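Residues per chain, in single letters:
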Amino acid sequence: MAIYPLKETKQPPKSQTKAVLWLKDNLFSSISNAALTFIALYVIYLLLPPILNWIIFDANFDLTADNQSCGRDGMCWAFINANLKMFIYGFYPQEELWRVNTMFGLIAALIVFGSLIKKSQYRVHYIIGSFLIYPVVAFVLLYGGLGLEIVETDKWGGLTLTVVVATIGIVASFPLGILLALGRQSEMRVVKFISVIYIEFVRGVPLITILFMASVVLPLFFSAGMDFDKLLRAVIGITLFQTAYIAEVIRGGLQAIPKGQYEAADAAGLSFVQKTMLVILPQALKISIPNIVGSFIALFKDTTLLLIIGLFDMLAIVGAASSNSNWLGRETEGYVFVAMIIWVILYSMSRYSKRLEVRFSTEHK
Amino acid sequence: MSELTNKEMGRKDCCDIIEVKALNKWYGDFHALKEINLKVQEGEIIVICGPSGSGKSTLIRCVNFLEKFQEGSITVDGTELTDDVKKIRQVRSEVSMVFQHFNLFPHLSIINNLTLAPIWVHNETKKQAREKALKLLDRVGIKDQAEKYPNQLSGGQQQRVAIARALCTSPKIMLFDEPTSALDPEMIAEVLDVMIELAKEGITMVCVTHEMGFAKKVADRVIFMDEGQIIEQNTPGKFFGNPESARLQLFLDQILSQ
């Protein structure tokens, strides 16, 4: 038998620079990988220059140009400039625009202030308070009342409408989705049965059907005098739709929680509500963050379907703006611009979800 | 099976803190526990062993109602376990359990794992619960890890935290469900040491374990289960020195020959 002395720890060999090593490992690790790298580079070469040329290099940045002088070689930024207000506010009255701005400004201020008091013991109160009070303030600002002139919802449009509908949909569907997911996991048969029926029914129907039902079919059931707002109907439809999806996402998280966690909480004497709120949901929601945000991103994109029932979200505004006789034939500009804005918003959401994941991860520190 | 009188076992005639009467449990058609009768006195240290699938874990999980049973009765400290949620919570607030896989709450720091039940079930203030938790962590030797998260600790440390968590509610009874079975060999000793310390302090303990050294050292009574029944129970001396049933002899031969 032999005895082996302990060996010293050494640094890894430094034969190549990091950049070369990275290229070799990631882009040219095998012949097929190298081939794919070259194909991808070729595709980028084909696609990227024309796009950049159109948006930037051949574009006309003269913001005072009209449809004639703007030219057709590249993007006409004058069109965007001339219709910017419409893209953002829809047909909201000019002199009342400050109300929309105040609403957006308030939410930005709330978020900034919230991140400043991260360590404060009143943080939870602040968040809950904001969630209760802000919607009321935002509603009064947008719709009117309390001395403000009423602006009917058919005047709302553009980015404002998109953000309003998506936000209400997200904020309302989240707690409802949690309840529904818990309902589907429930040992009470009736609750479980109703939850399953609801989820499977809603998931089996396209959103567009639900929107049509909400805007066309629903009024048939009410007497003529009881006509409630088209936007409200659409928001309710979207929320009900989103609730089913969020419920399924959260159910996935709930199912990933080991049985031992339930048992440990039970054995400690926690009640059902305590067990759910303190032990199960925090873990289930944490696991579900990427999928929850994914679902919210899908919802945000789905708001473009409001166009179908005659509400003018940002995408629908493009059609309205480019059918103006002054700017005929500028749809491309509009759609590219709207795509850029939506991309920025959704990419921020996705980055934020990444940050949340890191912040809540206690699994592998 | 030999029925020993209380006197022979060195027990008093009163004060049964756990009383299991004619307990029967089925999983579907499988008869998991058959006519179990068991009395545990306050302060007694019971070790239950037996081959896997013998029903030993199921039995102690019935005591805090993690498992439902179909026939018989279990009375814990004067409260009979029924479907009544209030009674179940009453029993659970006096009985703590340590699991094979620790079951710490991974989203809470160690200290918050300990203070959860005291704050929410026993209505202690945050400060009280924290002080007690730190004392207990000190006792199991991991006070300096209080702010870490469970997954940053080794298995042995996690199990010691789990024991501290179980003690944090000042329970009358501690149930151990194979507390060392999921641990690496070099970590078993540190957990057993904590359990031995605990046993000396006079708390009632019911341990399902294969650690025969632990049984010999601290148990008042060792119970052997097989096929859902109690086959033999005795004082550790007689249990290991002079096993009566053939099945127990075979079992002891198998685990002690390793």
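See the structure printed just above.
Not measured: the values here are computed from a predicted model.

**Q** How should I be thinking about unusual backbone geometry in this particular structure?
**A** Generally, phi is negative for residues other than glycine and the peptide bonds are trans, each holding for most cases. Residues and elements named next belong to chain B. Positive phi outside glycine occurs at A22, with the angle close to 45°. Note on placement: A22 falls in strand β1 (residues 16-27). Unusually for a residue other than glycine, N123 sits at a positive phi of about 55°. Inspection of the secondary structure assignment puts N123 in the loop between α3 (110-120) and α4 (126-139).

**Q** When you look at the pattern of salt bridges in this model, what are you seeing that I'm missing?
**A** Charged atoms that come close allow side chains of opposite charge to pair. Counting across every chain of the model gives 22 salt bridges over all chains. The closest approach of N and O atoms between E19 of chain B and K39 of chain B, which form a salt bridge, is 4.0 Å. With a gap of 20 residues between them, E19 of chain B in strand β1 and K39 of chain B in strand β2 (residues 30-41) connect regions that are remote in the sequence. Residue D77 of chain B pairs with K172 of chain B through a salt bridge whose shortest N-O separation is 2.7 Å. Of this pair, D77 of chain B sits in the loop between β4 (71-76) and β5 (79-80) while K172 of chain B sits in the loop between α5 (155-167) and β7 (173-177); the two residues are 95 residues apart in sequence, bridging distant segments of the chain. For K172 of chain B, a relative accessible area of 38% translates into the label partly exposed. Linked through salt bridges whose partners overlap, the residues forming this network are R184, E200, R203, E248 and R251 of chain A.

**Q** Help me understand the interface of chain B and chain A in this model?
**A** Reports often express the size of an interface as the amount of accessible area lost when the parts come together. Contacts between the two partners involve 21 residues from chain B, matched on the other side by 21 residues from chain A. A combined buried area of about 1,900 Å² lies between chain B and chain A, and 58% of that area is made up of carbon and sulfur atoms. Here chain B is connected to chain A by one salt bridge. One salt bridge connects R61 of chain B with E263 of chain A, and the closest N-O pair in it is separated by 2.6 Å. Counting across the interface, chain B meets chain A through eight residue pairs in polar contact (both at pLDDT 80 or more). Looking at the side of chain B that touches chain A, the elements with two or more residues in it are α2 (85-94), β6 (95-98) and α3 of chain B. Per-element accounting of the side of chain B that touches chain A gives the leading share, three residues, to α3 of chain B. In terms of residue class, the side of chain B that touches chain A is built from 12 nonpolar, five polar and four charged.

**Q** Even after reading the chapter, I still don't get the packing of aromatic side chains, so can you show me in this structure?
**A** Evaluation of the coordinates by the stated rule reveals 13 aromatic pairs over all chains. Relative to F337 of chain A, the ring of F87 of chain A lies with its centre 5.4 Å away and its plane at 50°, an arrangement referred to as tilted. Taken as a pair, F87 of chain A in helix α3 (residues 77-89) and F337 of chain A in helix α13 (residues 331-360) lie far apart in primary sequence, 250 residues in all. Measuring from centroid to centroid gives 5.1 Å for F239 of chain B and F240 of chain B, while their planes differ by 75°, and the two rings are edge-to-face. Assessed through its relative accessible area of 15%, F240 of chain B is described here as buried. Through successive ring pairs, a cluster of aromatic residues spans F79, F87 and F337 of chain A. Note that K25 of chain B overlies the ring of Y27 of chain B, its terminal NZ or CZ placed 4.5 Å from the centroid.

**Q** Help me understand the packing of α3 of chain B against α4 of chain B in this model?
**A** All names here are of chain B. Running from N to C, α3 and α4 cross one another at 130°; their axes reach a closest spacing of 9 Å. What the angle tells us is that α3 and α4 run oblique. Considering the relative orientation of α3 and α4, their crossing is right-handed. For the pair α3 and α4, contact is made by I110, I111, L114, T115, P118 and I119 and by K126, A129, R130, A133, L134 and L137, respectively.

Each value, and the rule that gives it
- Residues numbered from 1 in each chain as written.
- Chains lettered and ligands numbered in written order.
- Predicted model: local features only at pLDDT ≥ 70, side-chain atom pairs only at ≥ 80, totals over all residues.
- Heavy atoms only, no water.
- Helix = DSSP H or I, 4+ residues; strand = E, 2+ residues; numbered from the N terminus.
- Salt bridge = Lys/Arg side-chain N within 4 Å of Asp/Glu carboxyl O.
- Buried < 20%, exposed > 50% of the residue type's maximum accessible area, 1.4 Å probe, protein only.
- Contact = heavy atoms within 4.5 Å.
- Buried area = accessible area lost by both parts, 1.4 Å probe.
- Polar contact = N/O pair within 3.5 Å; in protein donor to acceptor, adjacent residues only side chain to side chain.
- Nonpolar A, V, L, I, M, F, W, Y, C, P; charged D, E, K, R; others polar.
- Phe/Tyr/Trp six-rings, centres within 6.5 Å; stacked < 30°, edge-to-face > 60°.
- Lys NZ or Arg CZ within 6 Å of the ring centre and 35° of its normal.
- Axes fitted to C-alpha atoms, helices over the stretch in contact; angles between N-to-C directions.
- Parallel < 35°, antiparallel > 145°, perpendicular 65-115°, else oblique.
- Left-handed = near helix turned anticlockwise from the far one by under 90°.

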